[in-house]
Amino acid sequence: MSNNAYKQQFLDCAVEAQALKFGMFTLKSGRHSPYFFNMGQFNTARYLDELCTAYAHAIIDSGVKFDVLFGPAYKGIPLASVTVTKLYQLGGAEYADIGYSFNRKEKKDHGEGGSIVGTALKGKKVFIIDDVMTAGTAINEAFDIIKSEGGNAVACVIALDRMETTKDSEKSATNAVSERHGVPVVSIVNFDDIVERFRSKLSEKQLNDIQDYRDKYVPSA
């Protein structure tokens, strides 16, 4: 599947699942956005399969070599476990021994103990998988967890890069995280991909609202 094809398929699925909606929405940040993306709507077998297939394509396209796919609790848990199987299905033998892990919110003091479930991170190259990066807080916590476990985070993958600045920076959240940790932040799609895919289906008002939002919050290249 070509790079563009899996992006388009993912966006079409997101609209069908009502994970991607157009209108006017108030975000957690207080900003008024002309679109809304809710990963929680990928909540059936088919939709989760489509989502994690797209994640796998994005990871493979990145070319980053790694040992473990890490999903921060809680949203990252199903993403890591399903995507790692998709990597094997799509990428074959190269991905057969890729492990997956996630963290517990509270450390376990019996059994195997610790805060990590799955493949141990010590001495491993770790690829972080998450949903949407806003202020980057959750991703930064994931880096701290991996470091504390002796692992080496080498990249992140998210579903959507909104490409917009954070409240306290002129950089986008993805660029800020990438620069802070010195790793690439990969996304299945970004804000520009959404606009390009649905431009012909949106009203003139919706397109104007999107342009206004871009002018306010998306840094120029």
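Residues numbered from 1 in each chain as written. Predicted model: local features only at pLDDT ≥ 70, side-chain atom pairs only at ≥ 80, totals over all residues. Heavy atoms only, no water.

Novice: In this structure, what is going on with the packing of helix α4 (residues 137-148) against helix α5 (residues 173-181)? I would like to understand it.
Specialist: Helix packing for two helices is described by the angle between their axes and how far apart those axes are. Put simply, α4 and α5 touch, their axes get as near as 10 Å, and they point 20° apart. Taken together, α4 and α5 sit at an angle that is classed as roughly parallel. When you trace α4 past α5, the crossing you get is right-handed. Taken together, the residues of α5 that come into contact with α4 (itself represented by I139, N140 and F143) are V177, R180 and H181. Taken together, the residues of the contact of α4 with α5 sort by class into three nonpolar, two polar and one charged. (Axes fitted to C-alpha atoms, helices over the stretch in contact; angles between N-to-C directions. Helix = DSSP H or I, 4+ residues; strand = E, 2+ residues; numbered from the N terminus. Parallel < 35°, antiparallel > 145°, perpendicular 65-115°, else oblique. Left-handed = near helix turned anticlockwise from the far one by under 90°. Contact = heavy atoms within 4.5 Å. Nonpolar A, V, L, I, M, F, W, Y, C, P; charged D, E, K, R; others polar.)

Novice: Even after reading the chapter, I still don't get the side chain of T83, so can you show me in this structure?
Specialist: Secondary-structure assignment places T83 in helix α3 (residues 76-91). Once residues lying within four places of it in the same chain are set aside, the contact partners of T83 are C52, Y55, A56, I59, L69 and I129.

Novice: Could you clarify how one ought to interpret the nonpolar core in this entry?
Specialist: Side chains of a nonpolar character, in soluble globular proteins, are inclined to be buried together. Grouped together as the largest cluster of nonpolar side chains are 47 residues, with contacts concentrated most on F10, F37, F42 and I188. Going through the elements one at a time, α1 (3-16), β2 (32-37), α2 (45-62), α3, β6 (125-129), β7 (152-161), β8 (185-190) and α6 (191-198) are the ones with two or more residues in this core. Sort the elements by how many residues they give to this core and α2 lands first, with eight residues. Among the nonpolar cores identified, the runner-up in size contains 17 residues, and F70, I116, A142 and V183 belong to it. (Core = buried A, V, L, I, M, F, W, Y, C linked by side-chain atoms within 4.5 Å. Buried < 20%, exposed > 50% of the residue type's maximum accessible area, 1.4 Å probe, protein only.)

Novice: Looking at this structure, how should I read the pattern of salt bridges?
Specialist: Side-chain pairing between opposite charges can occur once the charged atoms of the two side chains come close. Across all of its chains, the model carries eleven salt bridges by this definition. The partner of K171 in a salt bridge is E179, and the shortest N-O contact between them spans 2.5 Å. Under the relative-accessibility criterion, K171 is labelled partly exposed at 39%. Notably, a salt bridge pairs R214 with D192, separated by 2.9 Å at the nearest N-O pair. Note that R214 is positioned in helix α7 (residues 204-217) and D192 in helix α6, a separation of 22 residues in sequence. (Salt bridge = Lys/Arg side-chain N within 4 Å of Asp/Glu carboxyl O.)

Novice: I would appreciate a short explanation of the packing of aromatic side chains in the present structure.
Specialist: Each aromatic ring pair is summarised here by two numbers: the centre-to-centre distance and the angle between the ring planes. The full count for this structure, using the stated rule, is nine aromatic pairs. Look at F10 and F37: their rings are 6.3 Å apart centre to centre, the planes differ by 55°, and that puts the pair in the tilted class. Remark: F37 occurs in strand β2 and F10 occurs in helix α1; sequence separation between them is 27 residues. One exposure class covers both F10 and F37, and it is buried. With a centroid separation of 5.8 Å and an interplanar angle of 5°, the aromatic rings of F10 and F42 are classed as stacked. Remark: F42 occurs in the loop between β2 and α2 and F10 occurs in helix α1; sequence separation between them is 32 residues. Taken individually, F10 and F42 each receive the classification buried, so the pair is uniform in this respect. (Phe/Tyr/Trp six-rings, centres within 6.5 Å; stacked < 30°, edge-to-face > 60°.)

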